[in-house]
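# Structural description and commentary
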Amino acid sequence: MYYRLCDNYALRAWKFVNHCMFHRYSPNPLRVDPETFELLLKCDGEHDLPKNEALKNLTESGLIAPCSKGEHPSDWSQYRKYSHRFVPAMNLMLTGRCNYNCLHCFNAAENADRMAEWDYDALLDLFDQMADCGFHSITITGGEPMIHPRFHDIVRAIYERNMTLEKLTTNGFFLHQETLDLFHELHADPQIKISFDGIGHHDRMRGRAGAEKDALRALKLCADNGFETYAQIQVFKGNVDSMRDTLLLLEDTGVKIARIIRTTETRRWLKNEPEGSLPIEEYLEKMLNLAEWYLQGEHTMNVIMWRFLFMVPQSKGYSMIMEKHKDGIDCPTEAVCVGNRSMMAVTCEGDVVPCLQMCGELNYFDYSFDNLKERRLSDILQEGKWLDSVCANLCTLRDNNDECNSCEWFGRCGGGCRALAILKGITEGITPDYYDIDPLACLFYKGGWYDKVQERLKEYNPISS
């Protein structure tokens, strides 16, 4: 009997990743065991396969379907093996332009406008390159991505190439029913991330009167349309005491996830609010107090506290974000940042960077890892400074950082965040160093916060991060 892989699935392999499958509308790759993968390869309309339990299960699960001899899987579904490293996703800054003037923007150096923008035809070429290299999902950000004049065409172009929009990061001003209708039409189900910096503080933080009202309108509209809404909150000295009321308001608005982010000392923020950032220990203390209060109540919205805690209130569960390895065992071949390793970050100028959170500072120093307007994507995935940085492992970090190498906590910490390591150099007035320490991670472990969290939250359920 003959079978073919169903049109919503595709088989893929890369250098060091041999058995992978994608669903057309799901952003994340599906790992398949080698035996099942080899069987799926034979579901190509050419192999006469005897009926068995495995084929029956694959048919019932919708992965394969009986067919006539010679009836092949679709062009997208057919097996492809790529010679380069596995990178399934891209975080793409469509434009540096924005209709707001945020005080803290990490995309900008000081208060200079960042006006670069991807040309539409250049984007189409980039999307073609991505499809040819096996990319499957895209996160769109800015600036304000929806200010791009071809935004809707860009979203359509993604789906025309059988890729998917995983996340949209926006200030919400341009987000209306027309865009959500387009998402529904394309079977797009992105997580929609909208900034909201606290009741009574958002307008000033974003440099625009009415920004708070627009953000809440957009969050409610997305929730009412069935999209997963994700609120991003910058916390600083001026608004930290409004966090309880802010979380309650967001939950009532239908937000599924709220992420509280310590406003860090970027060049722009230091210029606009030189004393505005919460000292790291104060940030940890305030957030731990907030976590205790939140877990005590009956809530449905998950809360992420940047580089600190993740809370799932419905199960009274929490995890420590900085604890990469609960068993404390050093994993020397693990990437220094799993997020950077699995998602290529690209700026509006075409620079390929380890993560967009460091792009403003790198832009200020005119420091480039690679550039998609100068080199083809397939070449960047084969060799270069960017590939070396994101593929750097914990052993490499140890070799380049004596303090991490000798630290008793390294097995749990894994060296912390590379963006914060870059920022450390900025605040100290020296050239950024990708392999520097993360001062927040150092304080968390060496300052006793690991034990303090366990003691303060002992009534709740530790969960894997």
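Parameters at a glance
Residues numbered from 1 in each chain as written. Predicted model: local features only at pLDDT ≥ 70, side-chain atom pairs only at ≥ 80, totals over all residues. Heavy atoms only, no water. Buried < 20%, exposed > 50% of the residue type's maximum accessible area, 1.4 Å probe, protein only. Helix = DSSP H or I, 4+ residues; strand = E, 2+ residues; numbered from the N terminus. Contact = heavy atoms within 4.5 Å. Axes fitted to C-alpha atoms, helices over the stretch in contact; angles between N-to-C directions. Parallel < 35°, antiparallel > 145°, perpendicular 65-115°, else oblique. Nonpolar A, V, L, I, M, F, W, Y, C, P; charged D, E, K, R; others polar. Phe/Tyr/Trp six-rings, centres within 6.5 Å; stacked < 30°, edge-to-face > 60°. Lys NZ or Arg CZ within 6 Å of the ring centre and 35° of its normal. Left-handed = near helix turned anticlockwise from the far one by under 90°. Pairing = 2+ DSSP bridges.

## Details of helix H18 (residues 418-427)
Among the ten residues that make up H18, nine are buried, leaving the element largely enclosed by the rest of the structure. Those residues of H18 lying buried are Arg418, Ala419, Leu420, Ala421, Ile422, Leu423, Lys424, Gly425 and Ile426. At its buried positions, H18 is contacted by helix H9 (267-272), helix H12 (359-364), helix H15 (394-400) and helix H19 (439-446).

## Quick look at the packing of helix H1 (residues 34-41) against helix H2 (residues 53-60)
Closest axis-to-axis distance for the H1/H2 pair is 11 Å, and the angle between their directions is 80 degrees. One finds that H1 runs roughly perpendicular with respect to H2. Contacts between H1 and H2 involve Thr36, Leu39 and Leu40 on the former and, on the latter, Ala54, Leu55 and Leu58. Residue composition of the contact of H1 with H2, by class: five nonpolar, one polar and no charged.

## Some remarks on the packing of aromatic side chains
Across all of its chains, the model carries 19 aromatic pairs by this definition. Between Phe236 and Trp269, the aromatic rings sit 5.6 Å apart at their centres with planes inclined by 70 degrees, giving edge-to-face as the arrangement. Of this pair, Phe236 sits in the loop between strand E11 (229-235) and helix H8 (243-253) while Trp269 sits in helix H9, and the two are 33 residues apart along the sequence. Exposure remark for Trp269: the relative accessible area of 0% places this residue in the buried category. Aromatic side chains Phe308 and Phe444 sit 6.0 Å apart centroid to centroid with 80 degrees between the ring planes, which places their arrangement in the edge-to-face category. Linking Phe308 in the loop between strand E13 (302-305) and strand E14 (309-312) with Phe444 in helix H19, this pair joins segments that are 136 residues apart in sequence. Members of the aromatic cluster, connected to one another through ring pairs, are Phe308, Trp409, Phe444, Tyr445 and Tyr450. Between Arg267 and the ring centre of Tyr364, over which it is positioned, the NZ or CZ distance is 3.8 Å.

## Quick notes on the packing of helix H3 (residues 120-132) against helix H4 (residues 151-160)
Helix-helix packing is characterised by the crossing angle of the two axes and by the distance between the axes. Look at H3 against H4: their axes get within 10 Å of each other, and the N-to-C directions meet at 15 degrees. Viewed along their axes, H3 and H4 adopt a mutual orientation that is roughly parallel. As for how H3 packs across H4, the hand of that crossing is right-handed. Contacts between H3 and H4 involve Tyr120, Leu123, Leu124 and Phe127 from the former and Asp153, Ile154, Ala157 and Ile158 from the latter. Residue classes in the contact of H3 with H4 are distributed as seven nonpolar, no polar and one charged.

## Side note on the side chain of Thr95
Among the structural elements, Thr95 can be located in the loop between strand E7 (89-93) and H3. Look at Thr95 and you get buried, because its relative accessible area is 0%. Excluding residues within four positions of it along the chain, Thr95 makes contact with Ala116, Glu117, Thr141, Gly142, Gly143, Glu144, Pro145, Ile147 and Cys348.

## Side note on the sheet that holds strand E2 (residues 9-15)
In space, the four strands of this open sheet follow the order E4-E3-E2-E6, with mixed pairing throughout. Either end of the sheet is taken by a strand with one partner, and the two such strands are strand E4 (30-31) and strand E6 (80-85). Pairing analysis gives two bridges linking strand E3 (residues 17-23) to E4, with the strands arranged antiparallel. Following the sheet pairing, Met21 is matched in E4 by Leu30. Sitting on the sheet, H1 touches E2 and E3, and the angle it makes with E3 is about 65 degrees.

This is a description of form; function is not addressed.
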